[in-house]
Amino acid sequence: MKYVIKKFITMLITVFFVSFFVFIAFQIIPGDPATAMLGTEATPDEVAALRVKLGLDRPILVRYGEWLIAFFFGDMGKSYSYGISVKEMIGNKIPITVTLTLMSFLMIVCVSIPLGIYLAEHKNSPITRFIDGLNRVIMAVPAFFTGIMLTFIFGLVFRLFTPGGYVSYERNLPDFLYYLLYPAIAIALPKIAMTVKLLKSALLNEAELDYVRTAFSRGNTTRQVIYKHILKNALIPVITFLGMTLSDIVAGSIIIEQVFSIPGIGRLLITSISNRDYPVALSIISMVAFIVIFINFLVDLLYKYIDPRTEG
Amino acid sequence: MKKKFALILLVLLTLTIVLGACSSTGKGDSSKITIGIAQDLEDSLDPHRAVAAGTKEVLFNVYEGLMKPAPDGSVIPAVAEKFEVSQDGKEYTFTLREGVKFHNGDPVKASDVKYSIEKIAGMMGDKPRISAFSLIEAVNIEDEKTIVIKLSEPNMELPYHLAMTNAAIIPESNKTPDTVAIGTGPYKFVSRSPQENIVMESFDDYWGDKPFIKDVIFKIEANADTLVMDLMGGSLDMFKHMTKTQVDQLDDNFRIYEGTANLVQALYLNNKEKPFDDIRVRQAMCYATDKEGVIKLAFDGKGVPIGSAVIPAFKKYYMPELNDVYTYDVEKAKELLKEAGYENGFNMTITVPSNYDPHVKTAEVLVEQYKKVGINAKLELVEWNSWLSDVYGDRKHQSTIVGTDPSSMTARAMLERYVSDSGKNFVNFSDERYDEIFKKAISTVDDEESTICYKQLETILTEKAASVYIQDMAEFVALNKKFDGYTFYPMYIIDVSKIKPAS
């Protein structure tokens, strides 16, 4: 329990620092919401007037303080670009990004773990050699390119889905899930390749260790040794990696959302940054930071479960 | 293990195909059109506060002013039925059209018109949204059908300004025009989802010709790389601002319309910044620029070269002969540079907003062209917002490439930015004679005289080489063959009401 509280406080502090630096960054980069909103119609007077109206003429720390306190109480403010509350805007987008993340993560786990074990078991078969080669190629290809290729092959050649034909989850859930399948694959593929490689080499390394020989000499079958002894130990580095991957997907989905025209958090984040709509950008970045830290926290807990020797 | 794995694969595959089969419906339906737009409406849904060209382009379908633009560049009555101008050009009497309704069902009242005009004219505390509206002294309700607009100075262009989306008539009862769009246009606003789409529906009580297509979705298509695939895959029926390269990749399911972007693309020189404070250097830049070369290399040969700040679509004011003032001539450029004391050339920076690919490409070609006269140009890519605040706002640049568009269908809209004290004069052009003639041009009641004045202004810009004018870019519209009837305007507009199902 103490451990959990300690972690939780660290989490809050980190989110605080992240949001503070983002806020400062917005002050340093050129351009502000007023120039963004007025565009080429702007005259210096109008920009100044709008800055006053938006409260941008006040000191940085005052504005940050206000934002932080409001954010803490669940009020994320109002978007400059859309004039609606940030909470409402983000609230609609979160399920999209979360679904996409979970789908691709599920794919990674479901494909790479059985596949990794299979490859370790049959390390000399031609299939293994073929998949190893394929793995190297897939690892090298970035997700957005995989995304464009998938769109071309499954969308235009086989016509299995409509490129850019995203369907909102509020309108049709199965269509929504089906559309997300392809971007999820695009995100998952390179990660699967990496996880498979990692798991395979971890398994093979473990297999060389003394306790494995002991296990065999006790009369266990290969299968028993793999599942009862080797796998448990080999999974530890894999879990670390998967934890990192999960946070990586949250960030990586931003690019994939662009490729597949998915109106998730990523699209919103990019446009809010370029419009200097910082109530939106700040809220999203702080939330993503929070999620990433939270995932790491869960991974830590998982370690303790799998390997009780881990120090808290 | 093997078996299990194969089974999982099989299940996934079946799922893919089954789901795939049930998701491919809705083809061939022409009562609904999905139009791609490159950016969301990020400024405001309030027509009076909308500033981005991309926002006005979409809102045009929802809002109307007393007048509205016609495809040939003239203006026609909309919420007003007709108008009369007094002899001295200072009083406009508008008769409101019978039976015009707002999208919420309320009839348009004279008080709504007064409210809207006063709001745009800045008579409620704000600054005027349209600079010409600062002339408005009073908006009087004569009777329920008659509105009189009084001006402090004569102005013949008022009807043109009233036709802008920025001058739309909105109901006084709508207290949140920023987020709730209510107008009188052929389409009514239904809903929006940030960064996803804007949904509209044809307005049954529209006073004019009923639109052909019932449902319209403007879908935000931020990624240029997937645009062609999305069009071919069927999730988009139309996209307006396409390049030749993109259009060439489309299959024959699309009708391609070729027009002009109605933008003055130029290498805008900061007239206050060395060495461009010297007219000889500016002229040398003009001679050193091979516009045809730019168009050929970066635009597949499509585009109309221009020599001043007015686009060809403004036929009344456009002067094609200005395009021949500075013909491409490396020797002459070198001579002028020598005269100005830059015999060995100089270093310069061209600042370009990185999100506008055509301008970046143009800059790349120009950098090469200028090497021939010894000018060492460096390309600096900046993000659009930095451009807005540094280049446009603070005028901290040496030169920049962008396209400027007319906010209304008047020559004034294109030429006002070169007046010395204009807030939009980001090239810092300053010429006394120019300022004088401009004043005359906007205040005269004689149309012929104002046309002559505007032409003089154009000529001054060319003679003084205010900037290096390059071209009005070609623009391609792709429309699915299910539809027909796309119509160009000499403005940045998508008029959905003209699009109809193909017969």
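Draft legend 1. Up close: the overall build of chain A. A tally of helices and strands in chain A yields twelve helices and zero strands. Once the C-alpha set of chain A is aligned to its principal axes, its extents read approximately 85 × 55 × 35 Å. If you take every contact in chain A between residues at least 6 apart in sequence, the share linking residues at least 24 apart comes to 73%. Of the roughly 15200 Å² of accessible surface on chain A, a fraction of 71% belongs to carbon and sulfur atoms. For chain A, the distance from the average site of its 27 positive side-chain charges to the average site of its 21 negative ones is 9 Å.

Draft legend 2. Highlighting the interface of chain B and chain A. Listed per partner, the contact involves 49 residues of chain B and 54 residues of chain A. Carbon and sulfur atoms make up 57% of the area that chain B and chain A hide from each other, which totals about 4500 Å². Viewed at the interface, chain A and chain B are joined by one salt bridge. For B:Glu383, the salt bridge goes to A:Arg276, with nearest N and O atoms at 2.8 Å. At the surface where chain B touches chain A, the tally comes to 15 residue pairs in polar contact (both at pLDDT 80 or more). For the side of chain B that touches chain A, the secondary-structure elements that each account for two or more residues are helix H1 (2–23), strand S8 (187–193), strand S10 (215–220), helix H5 (224–233) and helix H11 (384–393) of chain B. At eight residues, the largest contribution of residues to the side of chain B that touches chain A is made by H11(B). Residue classes in the side of chain B that touches chain A are distributed as 15 nonpolar, 16 polar and 18 charged.

Draft legend 3. Structural context of the packing of helix H11 (residues 265–274) of chain A against helix H12 (residues 278–306) of chain A. Residue and element names in this part refer to chain A. One can describe the packing of H11 onto H12 by two numbers: an axis separation of 8 Å at closest approach and a directional angle of 135°. Relative to H12, the element H11 is oriented oblique. Between H11 and H12 lies a crossing of left-handed hand. In this structure, H11 contributes Ile265, Leu268, Leu269, Ser272 and Ile273 to the contact, and H12 contributes Val280, Ala281, Ile284 and Ile285. Residues belonging to the contact of H11 with H12 are distributed by class as follows: eight nonpolar, one polar and no charged.

Draft legend 4. Representation of the nonpolar core in the model. Counting 73 residues, the largest nonpolar core has B:Leu66, B:Ile149 and B:Tyr418 as the members making the most contacts within it. Counting the residues that make up this core, at least three belong to each of domain 1 (64–167) and domain 2 (264–474) of chain B. Counting residues in hydrophobic clusters, the runner-up holds 51 residues, among them A:Tyr178, A:Ile230, A:Ile262 and A:Tyr303.

Draft legend 5. Region of the structure containing the confidence of the model for chain A. On average, residues of chain A score 86 in pLDDT, and 98% of them are at 70 or above. The secondary-structure element of chain A with the lowest mean pLDDT is helix H2 (residues 33–38) of chain A, recorded at 78, while helix H8 (residues 173–207) of chain A shows the highest, at 92.

Draft legend 6. Structural context of the environment of A:Phe130. Along the chain, the position of A:Phe130 falls in helix H6 (residues 126–140). For the pair A:Phe130 and A:Lys78, spaced 52 residues apart in the sequence, the C-alpha separation amounts to 54 Å.

Draft legend 7. Molecular detail of the sheet that holds strand S5 (residues 91–96) of chain B. Residues and elements named next belong to chain B. Ordered in space as S4-S5-S7-S6, the four strands form an open sheet in which the pairing is antiparallel. The outermost strands of the open sheet, each flanked by one partner alone, are strand S4 (80–85) and strand S6 (136–143). Recorded for the sheet is a direction-independent mean angle of 20° between the axes of neighbouring strands. Where S6 lies against strand S7 (residues 146–151), six bridges are found, and the strand directions are antiparallel. Bridging from a neighbouring strand, Asn140 pairs with Val148 of S7.

Draft legend 8. A look at helix H4 (residues 60–72) of chain A. All names here are of chain A. Its 13 residues give H4 an end-to-end C-alpha distance of 18 Å, which sits within 8% of 18 Å, the value for a rise of 1.5 Å per residue. Within H4, burial applies to Arg63, Tyr64, Trp67 and Phe71. What you see down the axis of H4 is that its buried residues fit within an arc of 95°, all on one side. Counted as exposed and oriented over 90 degrees from the buried face of H4: Leu61, Ile69 and Phe72. Residue Gly74 follows H4 closely and has a positive phi angle near 85°.

So, how was this worked out
- Counting restarts for each chain, with residues numbered from 1 along the sequence as it is written.
- Just so you know, chain letters begin at A and ligand numbers begin at 1, following the order they were written in.
- Given that this is a predicted model, residues contribute local features only at a pLDDT of at least 70 and side-chain atom pairs are listed and counted only at 80 or more, while totals for whole chains, interfaces and linings are drawn from all residues.
- The side-chain values count all of the structure's non-hydrogen atoms but skip hydrogen atoms and water molecules.
- Segments assigned H or I by DSSP are reported as helices when at least four residues long, segments assigned E as strands when at least two residues long, and all are numbered from the N terminus.
- Any pair of residues with heavy atoms lying within 4.5 Å of one another is described as a contacting pair.
- Areas reported here follow the Shrake-Rupley algorithm with a probe of radius 1.4 Å; residue values treat only the protein chains shown as occluding.
- Working convention for charge: Lys and Arg count positive, Asp and Glu count negative, and His plus the chain ends are omitted.
- In this description, the location of a charge corresponds to atom NZ of lysine, CZ of arginine, CG of aspartate or CD of glutamate.
- Put simply, buried area is the surface a 1.4 Å probe can reach on two separate parts but cannot reach once they are joined, added for both.
- Within this document, salt bridges are pairs made up of a side-chain nitrogen of Lys or Arg and a carboxyl oxygen of Asp or Glu, the two lying within 4 Å of each other.
- Residues adjacent in sequence count toward polar contacts only when both atoms are side-chain atoms; beyond that, a polar contact is any pair of N or O atoms within 3.5 Å, and within protein one must be able to donate a hydrogen and the other to accept it.
- Polar here means any residue outside two lists: the nonpolar Ala, Val, Leu, Ile, Met, Phe, Trp, Tyr, Cys and Pro, and the charged Asp, Glu, Lys and Arg; Gly therefore counts as polar.
- Axis lines are fitted through C-alpha atoms, for helices just across the contact stretch, and the angle between N-to-C directions can take any value from 0 to 180 degrees.
- By definition in this entry, angles of less than 35 degrees are roughly parallel, angles greater than 145 are roughly antiparallel, angles of 65 to 115 are roughly perpendicular, and the rest are oblique.
- Should the near helix be turned anticlockwise from the far one by less than a right angle, the crossing is left-handed, and should it be turned clockwise, the crossing is right-handed.
- For the purposes of this section, nonpolar cores are sets of buried Ala, Val, Leu, Ile, Met, Phe, Trp, Tyr and Cys residues that join through side-chain atoms within 4.5 Å.
- Partly exposed describes any residue whose relative accessible area lies between the buried limit of under 20% and the exposed limit of over 50%, with all areas from a 1.4 Å probe on protein chains only and scaled to the type maximum.
- Each domain span listed reflects an automatic or database assignment of domains.
- Confidence of the prediction at every residue is given by pLDDT, a number between 0 and 100.
- At least two bridges found by DSSP between two strands is the condition for calling them paired.
- What a helix should span is 1.5 Å times the count of its residues minus one.
- Here, the arc refers to the directions that run from the helix axis to the C-beta atoms.

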